[in-house]
Amino acid sequence: MHFAQGFLFMQQQELIPHLFRTEFSKITAVLCKAFGIEHIEAAEDIASETFLAALENWTYKGIPENPAAWLYTVAKNKARTYLQRNRLFEQKISSHLRQSEKEDEEIAIDLSGANITDSQLQMLFALCHPAIPPESQIGLALRILCGFGIDEIAHAFLTNKETINKRLFRAKEKLRQEKVTIEFPGEAAIGNRLEAVLTTLYLLFNEGYYSECQDSVLREDLCLEAMRLTCLLLESPQTCLPKVKALLALMCFHASRFAARKDERGEMVLYHDQDSSLWNTELIAKGAYFLHEASRGNQLSTYHLEAAIAYWHTIKEDTKEKWENVLQLYNQLLQIRYSPIAALNRKYALSKANGKQEAIVEAEKLKLEGNPFYFALLGELYTGIDNRKAERNFRQALSLAGTAADRRAIQKKLDILSDQK
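Residues numbered from 1 in each chain as written. Predicted model: local features only at pLDDT ≥ 70, side-chain atom pairs only at ≥ 80, totals over all residues. Heavy atoms only, no water.

(A) Region of interest: unusual backbone geometry. Positioned with a positive phi, lysine 179 is a non-glycine residue whose angle comes to about 50 degrees. With respect to the helices and strands, lysine 179 occurs in the loop between helix 8 (161-177) and helix 9 (187-209). Its relative accessible area of 70% is what places lysine 179 among the exposed residues. The backbone of lysine 367 shows a phi angle near 50 degrees, a positive value even though the residue is not glycine. Its place among the elements puts lysine 367 in the loop between helix 16 (356-364) and helix 17 (372-382). (Helix = DSSP H or I, 4+ residues; strand = E, 2+ residues; numbered from the N terminus. Buried < 20%, exposed > 50% of the residue type's maximum accessible area, 1.4 Å probe, protein only.)

(B) Here's a closer look at the packing of helix 16 against helix 17. Packing of helix 16 against helix 17 leaves a shortest axis separation of 10 Å and a crossing angle of 155 degrees. Put simply, helix 16 runs roughly antiparallel to helix 17. The way helix 16 lies across helix 17 gives a crossing that is left-handed. Residues Lys356, Ala359, Ile360, Ala363 and Glu364 of helix 16 touch helix 17, and the partners they reach there are Tyr374, Leu377, Leu378, Glu380, Leu381 and Tyr382. (Axes fitted to C-alpha atoms, helices over the stretch in contact; angles between N-to-C directions. Parallel < 35°, antiparallel > 145°, perpendicular 65-115°, else oblique. Left-handed = near helix turned anticlockwise from the far one by under 90°. Contact = heavy atoms within 4.5 Å.)

(C) How the structure looks around the packing of aromatic side chains. For the structure on display, the rule yields 13 aromatic pairs. Here phenylalanine 20 and phenylalanine 24 contribute two aromatic rings whose centre-to-centre distance is 4.6 Å and whose plane-to-plane angle is 25 degrees, an arrangement assigned as stacked. Of this pair, phenylalanine 20 and phenylalanine 24 both sit in helix 1 (residues 3-35), four residues apart, roughly one helical turn. With a relative accessible area of 24%, phenylalanine 20 lands in the partly exposed category. Measuring from ring centre to ring centre gives 5.1 Å for tyrosine 374 and phenylalanine 375, while their planes differ by 70 degrees; the resulting arrangement is edge-to-face. Of the two residues examined, tyrosine 374 and phenylalanine 375, each falls in the buried class. A connected cluster of aromatic rings, assembled from ring pairs, spans Phe20, Phe24 and Phe51. One Lys or Arg, arginine 261, reaches over the ring of tyrosine 209 and ends 3.9 Å from the middle of that ring. (Phe/Tyr/Trp six-rings, centres within 6.5 Å; stacked < 30°, edge-to-face > 60°. Lys NZ or Arg CZ within 6 Å of the ring centre and 35° of its normal.)

(D) View of the nonpolar core. Counting 127 residues, the largest nonpolar core has Ile37, Met123 and Leu127 as its most contacted members. Leaving out residues up to four positions away in the same chain, isoleucine 37 has contacts with Cys32, Ala126, Leu127, Leu175, Val180 and Ile182. (Core = buried A, V, L, I, M, F, W, Y, C linked by side-chain atoms within 4.5 Å.)

(E) Representation of the pattern of salt bridges. Inspection of the entire model under this criterion finds 16 salt bridges. Two residues, glutamate 225 and arginine 228, come together in a salt bridge whose shortest N-O distance is 2.9 Å. With glutamate 225 and arginine 228 both in helix 10 (residues 220-235) and three residues apart, this pair spans about one turn of that helix. Across the pair aspartate 318 and lysine 322 runs a salt bridge whose closest N-O atoms are separated by 4.0 Å. Here lysine 322 falls in the buried class, since its relative accessible area comes to 0%. Among the charged side chains, a network of salt bridges with common partners joins Glu41, Glu173 and Arg176. (Salt bridge = Lys/Arg side-chain N within 4 Å of Asp/Glu carboxyl O.)

(F) Inspection of the environment of serine 48 at higher detail. Structurally, serine 48 is set in helix 2 (residues 40-61). Separated by 20 residues in the primary sequence, serine 48 and threonine 28 place their C-alpha atoms 9.0 Å from one another.

(G) Quick look at the environment of threonine 200. Mapped onto the elements of the fold, threonine 200 is located in helix 9. Threonine 200 sits in the buried class, given a relative accessible area of 0%. Between the alpha carbons of threonine 200 and proline 134 there is a distance of 9.9 Å; along the sequence they are 66 residues apart. Residues in contact with threonine 200, not counting those within four places in the same chain, are Ile138, Ala141 and Leu142.

(H) The side chain of lysine 413, seen in detail. As for its placement among the helices and strands, lysine 413 is situated in helix 19 (residues 404-419). Other than its neighbours up to four places away in sequence, lysine 413 contacts Leu270, His272, Glu380 and Phe394.

Structure below.
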C-alpha cells in the first residue's frame, strides 16, 4: 500500500467509526420521521448505505472537507431514490416531501441542526412507547439513536445476539401495529416513557465509561453522545426535570476524570492512583450545578444518589467524612434498587470508613462467585492483612476478567504482591 493511501486508511479507521456514532442516529431519526415509523428499516438501511458509500468513496478520492455534510447530501440523495422507487410512500408522505412535480426538485429531507435535534428527541420517546417491553424500548433506542451494534446491546442486557435480534424485530412490528407517530408526546405520555429514556442514556454512558465489548479503557465518544442526548432533554420544558438534571450531574462528575483515568499507554488508572490535577474542574462545577438544581423539590431517584456518590469522588482527600457520606448514600441506593456492583462498591466504601476487617466479613457474605470484581475487591481488602489470600483472590479475578484492560490492572496488583515477598 502506498504511504499516502496508508495514512488515509488510518484516518478512515478513526473517522468513520466516530462519524457513525455521531451521525448515523441523526440521519436515521430524520428519515424515520419523514417516512413514518412503519418504515424504520428503510431509514436504517439508507443510513447504513450512506456510510458504506463513504468507506468506498473516501478510500480513493480522499476525505471531503466537511465529512458530515457529505454524508447528509448522500443520505438525502439515497432517500430521494428510494422514494421514487417505492410508490407506496406517495399517498402518505409525498405532499410533505415534494414541493413540485419537477423530477429534479429536491426532496425536503431536512437535515438542519434544529430538525435533527427535534427528530432525535421525538424518536427517543417514540421508541420508548409503553406498548413494547422496557428492555425492547431500550434496545431499540440503543440501536437506532445511539448506533450500538447488536453485540454491544447483547452485552448491555447480558444475553446473546439471537435474543436481541428477535427482541428488536418484535418491537418494530409492535410499533407498526400501534401506528406510533414520531412526535413529542403529551405530558402524561412523558411520565410513562421518561424512565426508559433515562435508562437508555445511562446505559450508553456506562458503555463508554467502561466497555467490555472492546479492549479500550474509555470510549469518550459514547459518553459525550449520552451527555448530548441528556442535554437535549433539558432543553425542553416538558423534560427539564430533577431526575434528568441528576443524571447529567452524574455524567459530568464521571467525565471530569476522563484525562486521569488512563495513562500515556492507554492503560487504566484506578481511582486512588489518579492524578487529581488532571481532573476537569469545569465539568466538576457543572456537575455540582446540576446536582444542586436536581435537589429542588422532594424527588429522590437513583440518579440523585449516584450523582452524590460521584460528587464525593471528586474530592481526592481520604477523609472519614467523605467515606461515611459515600457509605450512607450506598445504603440508600441499595434500598431503592439493589445491584451487585453497587453492593461491591458499598463494601469498598465500608473499608475506607470503618476498616478492612469489617469490610472483608461483609464482602464475603455476597458470594458473587462468577464476578471478577468481587474477587478483585477481596484481593484489595486482603492486601496488607493476608497477602496469600489477596493473591489467591486476584488470580481468581484474573481468570474471570472480561477485558484486556481489566487483566492488566489485576496483573499489576499481583506484580506488586510478588515484589513484596
